[in-house]
Amino acid sequence: MTTLTLTPGAVTLDDLAKIYWSEASVRLDPACHPHIELAHARIAKAVAGTDAVYGVNTGFGKLASVKIESKDTATLQRNLILSHCCGVGPAIPRRHARMIMVLKLLSLGRGASGVRLELVTLIEEMLEKGVTPVIPAQGSVGASGDLAPLAHMAAVMMGHGEAEFDGQTMAGDKALAAAGLTPVELGPKEGLALINGTQFSTAFALAGLFGAWRGAHSALVTSALSTDAIMGSTAPLQPEIHSLRGHRGQIEAGETMRTLLAGSEIRESHVVDDARVQDPYCIRCQPQVTGAAMDVLRMAARTLEIEANAATDNPLVLVGADLIVSGGNFHAEPVGFAADMIALAIAEIGAIAQRRVALIVDPVLSFNLPPFLTPNPGLNSGYMIAEVTTAALMSENKHLANPCVTDSTPTSANQEDHVSMAAHGARRLGQMVENLDRILGVELLCGAQGIDFRAPLQTSDTLQRVVARLREEVETLGEDRYLAPDLERAAAMITSGAIVDAAAVEMPEFDA
């Protein structure tokens, strides 16, 4: 398994995407170790003193006024983790759990948490050896950090809870032992440092972001197929149109679609004497809509890149000022906003794609393609219900795109009286990306089927490669057949990026 060395505070989106997709192991740059140790020394000094320091020698939340004796500080941290293991629901995917661990490493690596280096090393070794905590999906409101899910992660480090190792789920202590690792006994503030933070919300938001970006790339390919299948015009892709407006995503989307369609015989066959003056918006305005969604994704990406590098627990150790200060970096409001932005982008990429599917199966609008793209309509229904499925998925994504960050409810006896709801705001993105991939998968099937009907005219060489790659998995639809497997295979090709790879053209860069 690949191991990447990361510098806390300087990790990029490309780094995070590589870690997410490959499930790479990570280690922190040793240059950050002295900062971690200095912060720990400041915590040790506080433990030896008499002043009350939140989370070090006091209770938590509403119980912060309760002073804890020095002999009980280790028990305090143990009790904190075990009592906060209140997550419910299905276990999150391993890929997401590993990303949470990576993000926690980056936060601890900023040298403001006060933990021992031993904790950092244990997380690194768990990643390397494949010990993945079983973390329930539900239970966080996104402030005071993602307490419940992160507690389930921390519990495994202590030898409690459950973990996945070597393909099996087992007790946390057994998973550590099987990997040759030893549980840690938490010291002062260490439990709080592990569970205060936004790593659960951020990991799921990043996962949604990466899936949405792949979806945006795929949508450029499938929309080009649809455009040629209905003999749409490429005039709206003129670069001057987009440069006059100036939005980066729109400019890039138009450029990519021009490249995808360049050299199409189908397009050249109707440049002259085409009675249609304009195409519907789902064809004509694809650069404006999906390009705008790409810009929104980039804005969210910048927020998440900052958050991934942030120290988000509480209190924070300010070594230079010789202070331990209670603040609010655990509040996941920035992540909640980013998740809502990503949701809007996903919904809109899918909404305009669904309208293209509806267009291409409609003989009134598809420029002489047979109804529902079947060679024998009436006896056969073709892609009639596949289009209905895309409508259902589009509508579901519209519902899921409603904002989560505007919802709040007080918790912890009104001490934590405003929360971000970033956790489920980010978690819903996974379902939205799945829905989007299935919509785009149906568009892929319909676009390729429409291209087949235009023979002997051929689409561009680029799009021919895309159709050929699809045909390796799904045959052209003749007589009606059991269609569910076709839809799943097409969606899988969207999810994996296989269609974009087959196009083999330069796609817009994913940077903030």
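Located above this text is the structure these notes cover.
Conventions adopted
- Residues numbered from 1 in each chain as written.
- Predicted model: local features only at pLDDT ≥ 70, side-chain atom pairs only at ≥ 80, totals over all residues.
- Heavy atoms only, no water.
- Helix = DSSP H or I, 4+ residues; strand = E, 2+ residues; numbered from the N terminus.
- Rg over C-alpha atoms; globule rule 2.2 N^0.38 Å.
- Buried < 20%, exposed > 50% of the residue type's maximum accessible area, 1.4 Å probe, protein only.
- Contact = heavy atoms within 4.5 Å.
- Salt bridge = Lys/Arg side-chain N within 4 Å of Asp/Glu carboxyl O.
- Polar contact = N/O pair within 3.5 Å; in protein donor to acceptor, adjacent residues only side chain to side chain.
- Expected span 1.5 Å × (residues − 1).
- Axes fitted to C-alpha atoms, helices over the stretch in contact; angles between N-to-C directions.
- Parallel < 35°, antiparallel > 145°, perpendicular 65-115°, else oblique.
- Left-handed = near helix turned anticlockwise from the far one by under 90°.
- Nonpolar A, V, L, I, M, F, W, Y, C, P; charged D, E, K, R; others polar.
- Pairing = 2+ DSSP bridges.
- Right-handed = clockwise from strand over helix to strand, strands pointing away.

## Here we look at the overall build of the protein chain
So, step 1. Secondary structure summary: the protein chain contains 20 helices and nine strands in total.
So, step 2. The C-alpha radius of gyration computed for the protein chain amounts to 26 Å, which stays within 12% of the reference 24 Å derived for 512 residues, consistent with globular compactness.
So, step 3. The principal-axis extents of the C-alpha atoms in the protein chain amount to approximately 90 × 50 × 40 Å.
So, step 4. For the protein chain, buried positions account for 56% of its 512 residues.
So, step 5. The contacts in the protein chain between residues at least 6 apart in sequence include a share of 79% that link residues at least 24 apart.

## Remarks on the pattern of salt bridges
So, step 1. Taken as a whole and assessed by the stated rule, the structure comprises 23 salt bridges.
So, step 2. Here Glu128 and Arg27 are joined by a salt bridge, their closest N and O atoms 2.6 Å apart. Separated by 101 residues along the polypeptide, Glu128 in helix α5 (residues 117-129) and Arg27 in strand β2 (residues 25-28) bring together distant segments of the chain.
So, step 3. By relative accessible area, which is 29% here, Arg27 ends up partly exposed.
So, step 4. One salt bridge in this structure joins Glu305 and Arg302, with 2.7 Å as the shortest N-O distance.

## As for unusual backbone geometry
So, step 1. Cis rather than trans, the peptide bond between Asn314 and Pro315 has omega equal to -5°.
So, step 2. Within the secondary structure layout, Pro315 lies in the loop between α14 (286-308) and β8 (316-318).
So, step 3. Cis peptide bonds are those with omega within 30 degrees of zero, and the linkage from Ala455 to Pro456 qualifies with 10°.
So, step 4. Of note, Pro456 is situated in the loop between α17 (422-453) and α18 (461-471).
So, step 5. Phi at Lys189 is positive, roughly 70°, even though this residue is not glycine.
So, step 6. Within the secondary structure, Lys189 sits in the loop between α7 (172-178) and α8 (190-195).

## Brief notes about the side chain of Glu387
So, step 1. Relative to the assigned elements, Glu387 resides in helix α16 (residues 384-400).
So, step 2. Among the polar contacts listed, one links the side chain of Glu387 to the side chain of Gln354, at a separation of 2.9 Å.
So, step 3. Not counting residues up to four positions away in its chain, the partners in contact with Glu387 are Gln354, Val357, Ala358 and Val361.

## Describing helix α4 (residues 94-108)
Think of an α-helix as 3.6 residues a turn; residues three or four steps apart then line up on the same face.
So, step 1. Over its 15 residues, α4 extends 21 Å from the first C-alpha to the last, a length consistent with the 21 Å expected when each residue adds 1.5 Å.
So, step 2. Within α4, 13 of the 15 residues are buried, which leaves it mostly tucked inside the rest of the structure.

## Some points on the environment of Ala163
So, step 1. Checked against the element boundaries, Ala163 lands in strand β6 (residues 162-165).
So, step 2. What makes Ala163 buried here is its relative accessible area of 0%.
So, step 3. A C-alpha to C-alpha distance of 39 Å links Ala163 and Met507, two positions 344 residues apart in sequence.

## Topic: the packing of α17 against α18
So, step 1. At their nearest, the axes of α17 and α18 sit 10 Å apart, and the two run at 110° to each other. Viewed along their axes, α17 and α18 adopt a mutual orientation that is roughly perpendicular. Of the two possible hands of crossing, α17 and α18 adopt the one that is left-handed. Contacts between α17 and α18 involve Leu444, Leu445, Ala448, Gln449 and Asp452 from the former and Val466, Val467, Leu470 and Arg471 from the latter.
So, step 2. Among the residues forming the contact of α17 with α18, the class breakdown is six nonpolar, one polar and two charged.

## Looking at the sheet that holds strand β7 (residues 168-171)
So, step 1. Strand order in the open sheet made by the three strands is β4-β6-β7, with antiparallel pairing throughout. In this open sheet, the two edge strands, each paired with only one partner strand, are β4 (132-133) and β7.
So, step 2. Where β4 and β6 come together, two bridges link them in antiparallel fashion. Of the residues in β6, the one forming a bridge with Thr132 is Glu164.

## Here's the deal with the side chain of Asn397
So, step 1. With respect to the helices, strands and loops of the structure, Asn397 is situated in helix α16.
So, step 2. Among the residues examined, Asn397 registers a relative accessible area of 1% and is labelled buried.
So, step 3. Discounting chain neighbours no more than four positions away, the residues touching Asn397 are Ile346, Ala347, Gln431, Met432, Asn435 and Leu436.

## A word on the pairing of β2
So, step 1. Pairing geometry for strand β1 (residues 3-6) and β2, over four bridges, is parallel. Among the inter-strand pairings, Leu4 is bridged to a residue of β2, identified as Val26.
So, step 2. Following the chain from β1 across helix α1 (residues 13-22) to the adjacent parallel β2, one finds a crossover that is right-handed.

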